[in-house]
Amino acid sequence: MPLAGYLLVAALLFAIGLAGALTRRNAILVLIGIELMLNAANLNLIAFWRFGPHPEALTGMMFAIFSIAVAAAEAAVGLGLVIAIHRHTNTTDLDKMNRMKG
Amino acid sequence: MRPVSPIFYILAALTLAGGLAAVLLKHLVHCALATTVAFAGLALLFLQLDAQFAGFAQILVYIGAVAILIVFAILLTRGSELPKDGVFSRTWFVGLVIAAGVFAVLAWAVLESVRSVPQQAGVPAVTVHDIGNALVGRYVLPLEIVALLLTAATIGAVIVAMHEKERPKP
């Protein structure tokens, strides 16, 4: 079953990205985990487009292309935020970013 | 039913190894390099799925732009120095359990529905010409919105990361 293989790879990559985003201290690593999760979703979209009944309608392909563009914008804003926080607090350690804690 | 080609296993192993290394390695620069390997593996998987345009867009956007951006951010935040108290957060076990649970649910859903998923065997006859026509035809409004979003994100990222000027005291 080709499609199930791709879906399992995407699920595993999503879980790896989620584990990275939830367990690492560094904010940049959390962003890397989020990028991995977005990429896993893209792999799902492309796989469903390839094995779906109407690939000539290009729906899944377009969704994946727009998703890549949105992910690029997200990476730019996220890394800009990390740099701004580093300038204010001199750290990228998420456990030390507790200024808003009540 | 088409057998799964061995190239798929090689590419899947490359991608997953890159992702695992990105999450597990200590040095941030090594993590960025491992992420690039995972992105490249995904691009090759796209190419293997006959999605040439998405594969090359993946190479251009992720390996060309996002990986460089991550390396820049690591160097600008002095992330190449090792933290003293470990790279994993205090609640790493909870995160690991959540990730394992999510994977278990997803894998269960995939394996349960494996009989009813579509299995189109033929290679789709889609060229870049078709994709271009669709982008400026049926999908022209999303294309314009994405252009607006990218402009707004670029300006926003520059403003967020810009040096703050000293405010005049009232």
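Note that the structure is a prediction, hence the values are computed from the model and not measured.

**So, the overall build of chain A**
In terms of helices and strands, chain A carries three helices and zero strands. Here the C-alpha radius of gyration of chain A, 17 Å, is well above what a compact globule of 102 residues would show, namely 13 Å. Summarising its shape, the C-alpha atoms of chain A cover approximately 50 × 25 × 20 Å along the three principal directions. Expressed as a percentage of its 102 residues, the buried residues of chain A come to 59%. Summarising the internal contacts of chain A: among those between residues at least 6 apart in sequence, 51% fall at separations of at least 24.

**Thoughts on the environment of Phe72(B)**
All names here are of chain B. Looking at the element boundaries, phenylalanine 72 is found in helix H3 (residues 52-76). Take phenylalanine 72: there are 13 C-beta atoms within 10 Å of it, and that puts it in the partly exposed class. Sequence separation of phenylalanine 72 and leucine 24 is 48 residues, and the distance between their C-alpha atoms is 20 Å.

**Thoughts on the domain arrangement of chain B**
On domain assignment, one finds that chain B holds domain 1 (1-82) and domain 2 (127-170). The gap between the C-alpha centroids of domain 1 of chain B and domain 2 of chain B is 24 Å.

**Looking at helix H2 (residues 27-51) of chain A**
The terminal C-alpha atoms of H2(A) lie 37 Å apart, and with 25 residues this matches the ideal 36 Å at 1.5 Å per residue to within 8%. By the criterion of burial, H2(A) is predominantly enclosed, with 21 of the 25 residues buried.

**Here we look at the nonpolar core**
One finds Ala10(A), Ile28(A), Leu43(A), Ile46(A), Leu79(A) and Ile70(B) to be the most contacted residues of the largest nonpolar core, which totals 74 residues. It is H2(A) that contributes the most residues to this core, 15 residues altogether. Both domain 1 (1-82) and domain 2 (127-170) of chain B contribute no fewer than three residues apiece to this core. Once residues within four sequence positions are removed from consideration, Ile70(B) is found in contact with Ile28(A), Ile32(A), Leu79(A), Ala32(B) and Thr35(B).

Basis of the calculations
- Residues numbered from 1 in each chain as written.
- Chains lettered and ligands numbered in written order.
- Predicted model: local features only at pLDDT ≥ 70, side-chain atom pairs only at ≥ 80, totals over all residues.
- Helix = DSSP H or I, 4+ residues; strand = E, 2+ residues; numbered from the N terminus.
- Rg over C-alpha atoms; globule rule 2.2 N^0.38 Å.
- Buried ≥ 20, exposed ≤ 12 C-beta atoms within 10 Å, placed from the backbone.
- Contact = placed C-beta atoms within 7 Å.
- Domains from an automatic or database assignment.
- Expected span 1.5 Å × (residues − 1).
- Core = buried A, V, L, I, M, F, W, Y, C linked by C-beta atoms within 7 Å.

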